[in-house]
Amino acid sequence: MENNVAYEFHVTYFDADCGRIRNESFDSRPDAERFASRQCAGEQSWAVIDEIAIEQARIAA
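Heads up: these notes are all about the structure in this document. Computed from a predicted model, the values in this text were never measured in an experiment.

1. Quick look at the overall build of the protein chain
Here's step 1: For the protein chain, the count of helices and strands is 1 helix and 3 strands.
Here's step 2: Starting at the N terminus and ending at the C terminus, the protein chain contains elements arranged as β-β-α-β.
Here's step 3: Burial analysis of the protein chain (61 residues in total) assigns 18% to the buried set.
Here's step 4: Taking the intrachain contacts of the protein chain between residues at least 6 apart in sequence as the baseline, contacts between residues at least 24 apart amount to 55%.
Here's step 5: A total of about 4,800 Å² of accessible surface is found on the protein chain, and carbon and sulfur atoms cover 45% of it.

Structure follows, in structure tokens:
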């Protein structure tokens, strides 16, 4: 069995339209950064990107 590490990027942000904190997951950092940038349009807006390591096990046949 072989273990590989992959990464997910979780963006937590304040949705000013509804007044709630929300989150989205992305497979790449550039996608997460683009999304976070779009969410930070107003004065009260904010976004945080967390890089999450995910261990994936692959079983050899």
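2. A word on the packing of aromatic side chains
Here's step 1: Per the counting criterion, the structure on display carries 2 aromatic pairs.
Here's step 2: The interplanar angle of 80° and the centroid separation of 5.2 Å between the aromatic rings of Tyr 13 and Phe 35 together place this pair among those described as edge-to-face. Of this pair, Tyr 13 sits in strand E1 (residues 2-15) while Phe 35 sits in helix H1 (residues 29-39); the two residues are 22 residues apart in sequence, bridging distant segments of the chain. For the residue pair Tyr 13 and Phe 35, the accessibility class agrees, reading buried in each case.
Here's step 3: Centroid distance Phe 26 to Phe 35: 5.2 Å. Interplanar angle 45°. Geometry classified as tilted. With respect to class, Phe 26 is no different from Phe 35; both count as buried.
Here's step 4: By way of ring pairs, the aromatic residues Tyr 13, Phe 26 and Phe 35 are connected into one cluster.

3. Regarding a nonpolar patch on the surface
Here's step 1: Together, Ile 21, Trp 46 and Val 48 line one region of the surface with nonpolar side chains, adding up to about 270 Å² of accessible area.
Here's step 2: The residue Val 48 is located in strand E3 (residues 47-58) in this model.
Here's step 3: Given the relative accessible area of 39%, Val 48 is considered partly exposed.

Basis of the calculations
- Residues numbered from 1 in each chain as written.
- Predicted model: local features only at pLDDT ≥ 70, side-chain atom pairs only at ≥ 80, totals over all residues.
- Heavy atoms only, no water.
- Helix = DSSP H or I, 4+ residues; strand = E, 2+ residues; numbered from the N terminus.
- Buried < 20%, exposed > 50% of the residue type's maximum accessible area, 1.4 Å probe, protein only.
- Contact = heavy atoms within 4.5 Å.
- Areas by Shrake-Rupley, 256 points an atom, 1.4 Å probe, with all protein chains shown as cover.
- Phe/Tyr/Trp six-rings, centres within 6.5 Å; stacked < 30°, edge-to-face > 60°.
- Patch = residues over 30% accessible without salt bridge, like charges linked within 9 Å, V, L, I, M, F, W, Y side chains within 5 Å.
- Salt bridge = Lys/Arg side-chain N within 4 Å of Asp/Glu carboxyl O.

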